[in-house]
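This is what each chain is made of:
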Amino acid sequence: AAAEGSASLDPALSAAFVAAVVGIAAKEWLFRWTAAVAERVSSSTLLANAWHHRSDAFSSVVAAAGVGGALAGLPLVDPVGGLVVAAMIAKQGVDMGVGALRELSDEAADPSTTAAVQQALLDAAPGEILSVRRLRTRVLGHYVAAEAEIGVNPATTLTSANALARVAEAHVRRQCPRVADLSVAVGPHICDGAAGTAARGSGADGTAGDPSGGAVARQQHASPSQVPRRLPGKVEDDIVSHVIRAVPAVRRVTHLRLHFLPGGRRCTAEMEIELRDFSQTLHDACMVAASARRAAELVHEVVRADVHIEVRDDGKRQR
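Predicted model, so just to flag it, every value in this text is computed and none were measured.

## Looking at the overall build of the protein chain
- Check the secondary structure of the protein chain and you find 9 helices and 8 strands.
- Per-residue burial over the protein chain gives 36% buried out of 319 residues.
- Put simply, 63% of the contacts in the protein chain that link residues at least 6 apart link residues at least 24 apart.
- Per element, the accessible surface of the protein chain, about 17500 Å² overall, is 60% carbon and sulfur.

## Comments concerning the packing of aromatic side chains
- With the rule as written, the count across this model stands at 1 aromatic pair.
- Each ring, one from W29 and one from W33, has its centre 6.3 Å from the other, and the planes form 10 degrees; the classification is stacked. In this pair, W29 and W33 are both assigned in helix α2 (residues 11–41), 4 residues apart and thus about one turn of the helix distant. Exposure class is identical for W29 and W33. Each is exposed.

## Brief notes about the pairing of strand β6 (residues 267–275)
- Most of β6 sits inside the fold, with 8 of its 9 residues counted as buried.
- Note that strand β5 (residues 250–260) and β6 share 9 bridges and pair antiparallel. Looking at the pairing, V253 lines up with I273 of β6.

## Some words on helix α6 (residues 158–175)
- The terminal C-alpha atoms of α6, which comprises 18 residues, lie 26 Å apart, in line with the 26 Å expected from a rise of 1.5 Å per residue.
- Among all positions of α6, only S160, A161, A163, L164, A165, R166, V167, A168, E169, A170, H171 and V172 are buried.

## What to know about the layout of surface pockets
- What the second largest pocket holds in volume is close to 290 Å³.
- Along its surface, the second largest pocket is lined by 16 residues, and E128, N153, A155, T156 and E236 are the ones closest to its centre.
- Those elements that provide at least two residues to the lining of the second largest pocket are α6, α8 (232–246) and β5.
- Split into classes, the residues belonging to the lining of the second largest pocket amount to 7 nonpolar, 6 polar and 3 charged.

## Examining the nonpolar core
- Grouped together as the largest cluster of nonpolar side chains are 26 residues, with contacts concentrated most on I239, V243, L258, M271 and I273.
- Residue assignment for this core shows that the elements contributing at least two residues are α8, β5, β6, α9 (282–296) and β7 (302–313).
- The leading source of residues in this core is α9, at 6 residues.
- One finds A125, I150, L164 and A168 within the second-largest nonpolar core, a separate group that totals 23 residues.

## Quick notes on the pattern of salt bridges
- In total, this model carries 14 salt bridges according to the counting rule given.
- A salt bridge links E149 to R133; its shortest N-O distance comes to 2.3 Å. Of this pair, E149 sits in strand β2 (residues 143–152) while R133 sits in strand β1 (residues 129–140), placing them 16 residues apart in sequence.
- The exposure class assigned to E149 is buried, which follows from its relative accessible area of 0%.
- A relative accessible area of 13% places R133 in the buried class.
- Linking R136 and E147 is a salt bridge whose minimum nitrogen-to-oxygen distance equals 3.7 Å. Here E147 lies in strand β2 and R136 lies in strand β1, a separation of 11 residues in the sequence.
- Taking relative accessible area as the criterion, R136 reaches 36% and is therefore assigned partly exposed.
- Via salt bridges that share partners, R133, R134 and E149 belong to a single interconnected network.

What counts and how
- Residues numbered from 1 in each chain as written.
- Predicted model: local features only at pLDDT ≥ 70, side-chain atom pairs only at ≥ 80, totals over all residues.
- Heavy atoms only, no water.
- Helix = DSSP H or I, 4+ residues; strand = E, 2+ residues; numbered from the N terminus.
- Buried < 20%, exposed > 50% of the residue type's maximum accessible area, 1.4 Å probe, protein only.
- Contact = heavy atoms within 4.5 Å.
- Areas by Shrake-Rupley, 256 points an atom, 1.4 Å probe, with all protein chains shown as cover.
- Phe/Tyr/Trp six-rings, centres within 6.5 Å; stacked < 30°, edge-to-face > 60°.
- Pairing = 2+ DSSP bridges.
- Expected span 1.5 Å × (residues − 1).
- 1 Å grid on protein atoms, 1.4 Å probe; cavity = no way out; pocket = protein on both sides within 12 Å on 5 of 7 lines; lining within 4 Å.
- Points joined across faces, edges and corners; volume = space filled by probe spheres on them.
- Nonpolar A, V, L, I, M, F, W, Y, C, P; charged D, E, K, R; others polar.
- Core = buried A, V, L, I, M, F, W, Y, C linked by side-chain atoms within 4.5 Å.
- Salt bridge = Lys/Arg side-chain N within 4 Å of Asp/Glu carboxyl O.

Shown next, in the form of structure tokens:
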């Protein structure tokens, strides 16, 4: 009893117990802080270091338990606690090893990252990018590689579709910094009902279930200088606004097609206009068309505009 009383009052054991408790708190704080940074930068190395702090905290728990057992007269607590902590550290090592092997084996990115990439593609050009199909991701260390096909209006020209692909790629890179490699293909948007009757065999690239039969425009690794300053739809709206406001004789623009030049920032415009008065002379109609052409070419992106007059005669269109 005297020995137990002296042990319980031993200053060295008391100091060791206090130090172990302080170590538990410090190592747990380091674990949480390092783990938060590792999650933010998607670093498996930092995450492993965070779990190293957690294992140190477990070791401090064992030390505190051992000292506490000695103070309470239970010396077997120390070795039993050591076995428990050893088993927990072994499990952490296995879990981290499995995670590292998955990264090396091109495993798909987590669902939240895939969903973020899909949403970024749709948000890049609302109203112009109508769907996202065949989105695939894979983990490359700290980064993610992705490829996808975006669906656009079937009437979109190839150059406009290419411009949309560049816009989509740039937007994804801004919204999802982890995406280091991105390949965007463009195909015609197909509604769910039509997609059900589309060909489901393998496409030209061996990918099953390509509704467009592999007929897609693919854009990869666009530099910042090639990304259009504005979406094709915005340019079209600006052209129509300029023409209607500057040329009162034009009732409406019935058709408008943009053809982007190499580089993706300038384009030519081909449009058809409908006049308010079809009784005017051919000379006057040509003057109206020339005015509409000049108005369209005031839009920054347009280097040349071709204007055709659409004439309605007995319900039929003539150009």
